[in-house]
Number of protein chains: 2
Amino acid sequence: MSENVGRWLRDEIENSILSNEFRPGEKLDEMVLATRFGVSRTPVREALMQLDAIGLIEIRPRRGAVVIDPGPHRVYEMFEVMAELEGLAGSLAARRLDKASRDAIAATHSRCEQSASAGDSDAYYYDNEEFHKAIYAASRSAFLEEQCAQLHRRLRPYRRLQLRVRNRLSTSFSEHSAIVDAIFAGDGDEARRLLRGHVGIQGERFSDLVASMAAR
Amino acid sequence: MSENVGRWLRDEIENSILSNEFRPGEKLDEMVLATRFGVSRTPVREALMQLDAIGLIEIRPRRGAVVIDPGPHRVYEMFEVMAELEGLAGSLAARRLDKASRDAIAATHSRCEQSASAGDSDAYYYDNEEFHKAIYAASRSAFLEEQCAQLHRRLRPYRRLQLRVRNRLSTSFSEHSAIVDAIFAGDGDEARRLLRGHVGIQGERFSDLVASMAAR
DNA sequence: AAATTAATTCTTGTATACACGATTGTTGAA
DNA sequence: TTCAACAATCGTGTATACAAGAATTAATTT
């Protein structure tokens, strides 16, 4: 566990929310959480404050904390922004690419290839994250990298749903290949364009998302 | 003051940081803040937790909170992301524009015209904010609007410095005019391109920023 | 005099106590 | 039976108390 209980609780509760253990709309009772984790209310409250600031929960004065339910439309908006930020990261990566970043992207890309060809969607899910993180890092913009990583985390549950869709694995991987080519060729505009398309949710993929969200 | 002390303190301290009363690197002593605002340490700590989560301060375990010093390079990175998000907002606004948003943009734009022609840089500073907020709102993406507004707030002190630069007022206003034309014409790509240029810091404007930041 | 170590003070982290608004349940009247 | 008013209960908001680590100062040694 982390150096202080508050921070540890923040991560713990955040994971519980992102892994859908605490459902959207669910009330988070301070006392229940405190006894569950074997601590007092004080660090629990501090954790909740932080989660409120991040936007994962909402604390209504005197009425407790509830997990925020983004709803399909807002999730769509979040993907829209994510696509834009990843596009920027890709274009910067293409322009500023150095050897270390290039190697990191190539390595994660080939790991994606293996898990995709093996049809292992759980492994691909993980490797895919590493691939995208490698691109964020290659942008050489620490702020952008943080923003991307944070939004990426928040969208994690929905991305997981998406990978379940038929053929999504091989489609995703071939898109990755094109992105890698563009970045390695130093073509920032093309990398941006491809990443926008790769990350964003267009057309029927949006109805897939809505359907899978409604199914829970 | 807000309904609960913690939230009020968060806003209060946040403003003090953004208005440069609490300087980057400065230590924020819980007891000092508590006595200053006439409250106990508890709500102070909750406020600090939130500011840490937002990224305005850093709480080092057992060693207290300090105001984060972004430094010129990171501020540049933040403007880079801001430019991208505003570009997206502008392109969405152009595509989705309705009467209400159109009127709001036109109104704030004409207010900018007045303060610019009057050479009133303080008034322009305020009207400029409203103009940009009108574009965020016109994007009809609540999430994007929030992200833009938050980053806009954080960059406020640095934008204020920029407006002091010679001729910046009239230059800024004429850029606004072109942006409004593009949005009203429904030309999303052009609106995006213009906003990126308007918000981003290119060439000598970066050295101006560095110089003005170093001057403090 | 400089440096290292020990002791003291100060600040943060967590628990607990208390106050007050919100919620819920009960009683009584229409 | 339904609704309203009141009472009791429960949960959150804030203050205070206590424990423990970090910073600082004093003391001792080289």
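Reading the values: the criteria
Residues numbered from 1 in each chain as written. Chains lettered and ligands numbered in written order. Predicted model: local features only at pLDDT ≥ 70, side-chain atom pairs only at ≥ 80, totals over all residues. Heavy atoms only, no water. Helix = DSSP H or I, 4+ residues; strand = E, 2+ residues; numbered from the N terminus. Buried < 20%, exposed > 50% of the residue type's maximum accessible area, 1.4 Å probe, protein only. Contact = heavy atoms within 4.5 Å. Areas by Shrake-Rupley, 256 points an atom, 1.4 Å probe, with all protein chains shown as cover. Near = heavy atom within 4 Å. Polar contact = N/O pair within 3.5 Å; in protein donor to acceptor, adjacent residues only side chain to side chain. Nonpolar A, V, L, I, M, F, W, Y, C, P; charged D, E, K, R; others polar. Pairing = 2+ DSSP bridges. Axes fitted to C-alpha atoms, helices over the stretch in contact; angles between N-to-C directions. Parallel < 35°, antiparallel > 145°, perpendicular 65-115°, else oblique. Left-handed = near helix turned anticlockwise from the far one by under 90°. Lys, Arg positive; Asp, Glu negative; His and termini not counted. Salt bridge = Lys/Arg side-chain N within 4 Å of Asp/Glu carboxyl O. UniProt positions renumbered as here; feature names shortened; annotations may be inferred.

1. Quick notes on the overall build of chain A
In step 1: The number of helices and strands found in chain A is 10 helices and 3 strands.
In step 2: What you see in chain A, going N to C, is helices and strands ordered as α-β-α-α-β-β-α-α-α-α-α-α-α.
In step 3: Over its C-alpha atoms, taken along the principal directions, chain A stretches across nearly 55 × 40 × 30 Å.
In step 4: The proportion of buried residues among the 216 residues of chain A is 50%.
In step 5: The contacts of chain A with a sequence gap of at least 6 include a subset with a gap of at least 24, amounting to 70%.
In step 6: Here chain A has roughly 10,000 Å² of accessible surface; of this, 48% comes from carbon and sulfur atoms.

2. Things to note about the protein's contact with DNA strand C
In step 1: Near DNA strand C you find 18 residues, and of these V5(A), S40(A), T42(A), R63(A) and R45(B) are the closest.
In step 2: When atoms of DNA strand C within 4 Å of the protein are split into backbone and base, the sugar-phosphate part holds 65%.
In step 3: A distance of 2.7 Å is found between a phosphate oxygen of DNA strand C and a backbone nitrogen or oxygen belonging to S40(A).
In step 4: Contact between DNA strand C and R63(A): a phosphate oxygen at 2.6 Å from a side-chain N or O atom of the residue.
In step 5: Secondary-structure elements contributing two or more residues to the surface near DNA strand C are α1 (5–18) and α3 (41–54) of chain A together with α3 (41–54) of chain B.
In step 6: With 3 residues, α3(A) is the single largest residue contributor to the surface near DNA strand C.
In step 7: Its residues assigned to classes, the surface near DNA strand C shows 4 nonpolar, 5 polar and 9 charged.

3. Quick word on the pairing of strand β3 (residues 64–67) of chain A
Residues and elements named next belong to chain A.
In step 1: Pairing of strand β1 (residues 27–28) with β3, which is carried by 2 bridges, proceeds in the antiparallel orientation. Along β3, the bridge assignment pairs L28 with A65.
In step 2: Where strand β2 (residues 57–60) hands over to β3, the hairpin turn is made up of 3 residues, of which R62 adopts a positive phi near 65 degrees.

4. Overview of the protein's contact with DNA strand D
In step 1: Of all residues adjacent to DNA strand D, which total 18 residues, the nearest are R45(A), V5(B), S40(B), T42(B) and R63(B).
In step 2: Within 4 Å of the protein, atoms of DNA strand D come from sugar and phosphate in 65% of cases.
In step 3: Take S40(B): an N or O atom from its main chain is 2.7 Å from a phosphate oxygen of DNA strand D.
In step 4: Taking R63(B), its side chain carries an N or O atom lying 2.7 Å from a phosphate oxygen of DNA strand D.
In step 5: Put simply, the parts of the chain that give the surface near DNA strand D at least two residues each are α3 of chain A together with α1 (5–18) and α3 of chain B.
In step 6: Per element, the largest residue contribution to the surface near DNA strand D is 3 residues, and it comes from α3(B).
In step 7: Here the surface near DNA strand D is composed, by residue class, of 4 nonpolar, 5 polar and 9 charged.

5. Details of the packing of helix α4 (residues 71–96) of chain A against helix α10 (residues 204–214) of chain A
Residue and element names in this part refer to chain A.
In step 1: Where α4 meets α10, the axes come as close as 10 Å, and the angle between the chain directions of the two elements is 135 degrees. If you check the angle between α4 and α10, you find them oblique. The hand of the α4/α10 crossing is right-handed. Residue-level inspection shows G71, P72, V75 and Y76 of α4 in contact with α10, the latter providing F206, L209, V210 and M213.
In step 2: Class assignment of the residues belonging to the contact of α4 with α10 gives a composition of 7 nonpolar, 1 polar and no charged.

6. So, the side chain of R205(A)
All names here are of chain A.
In step 1: Structurally, the position occupied by R205 is in helix α10.
In step 2: One buried charged side chain, R205, makes no salt bridge at all; its nearest oppositely charged neighbour is E175, positioned 5.4 Å away.
In step 3: Of note is the side chain of R205, whose polar atom sits 3.4 Å from the side chain of Q162.
In step 4: Excluding anything up to four places from it in sequence, R205 contacts Q162, R168, G197, H198, V199 and G200.

7. Some thoughts on the sheet that holds β1(A)
By way of backbone hydrogen bonds, the strands of a sheet pair with one another, either parallel or antiparallel.
Residues and elements named next belong to chain A.
In step 1: One open sheet accounts for 3 strands, arranged β1-β3-β2; its pairing is antiparallel. A single partner strand is all that each edge strand has here, and the edge strands are β1 and β2.
In step 2: Note that β2 and β3 share 4 bridges and pair antiparallel. Residue E58 lies in a different strand from β3, and its bridge partner there is V66.

8. What to know about the environment of S16(B)
Residues and elements named next belong to chain B.
In step 1: Within the secondary structure, S16 is located in helix α1.
In step 2: In this structure S16 comes out as buried when scored by relative accessible area, which is 6%.
In step 3: The residues contacting S16, other than those within four sequence positions of it, are E21, F22 and R36.

9. Looking at the sheet that holds strand β1 (residues 27–28) of chain B
In step 1: The antiparallel open sheet is built from 3 strands, whose spatial order is β1-β3-β2 (chain B). Each of the sheet's edge strands pairs with one partner strand only, and the pair in question is β1 and β2 (57–60) of chain B.

10. Comments concerning the packing of helix α5 (residues 99–117) of chain A against helix α8 (residues 168–184) of chain A
All names here are of chain A.
In step 1: α8 packs onto α5 with a crossing angle of 160 degrees between their chain directions and a minimal axis gap of 10 Å. As judged from the angle between their axes, α5 and α8 are roughly antiparallel. Relative to α8, the crossing made by α5 is left-handed. Here R102, I105, A106, H109, C112, E113, S115 and A116 of α5 lie close against α8, whose contacting residues are L169, F173, H176, S177, V180, I183 and F184.
In step 2: Taken together, the residues of the contact of α5 with α8 sort by class into 9 nonpolar, 4 polar and 2 charged.

11. Thoughts on the UniProt feature "domain: HTH gntR-type" (unreviewed entry) in chain A
In step 1: The sites that carry the UniProt feature "domain: HTH gntR-type" (unreviewed entry) are, in the present numbering, residues 3–70 of chain A.
In step 2: Secondary structure content for residues 3–70 of chain A is 53% helix and 15% strand, while the C-alpha to C-alpha distance between its ends is 31 Å.

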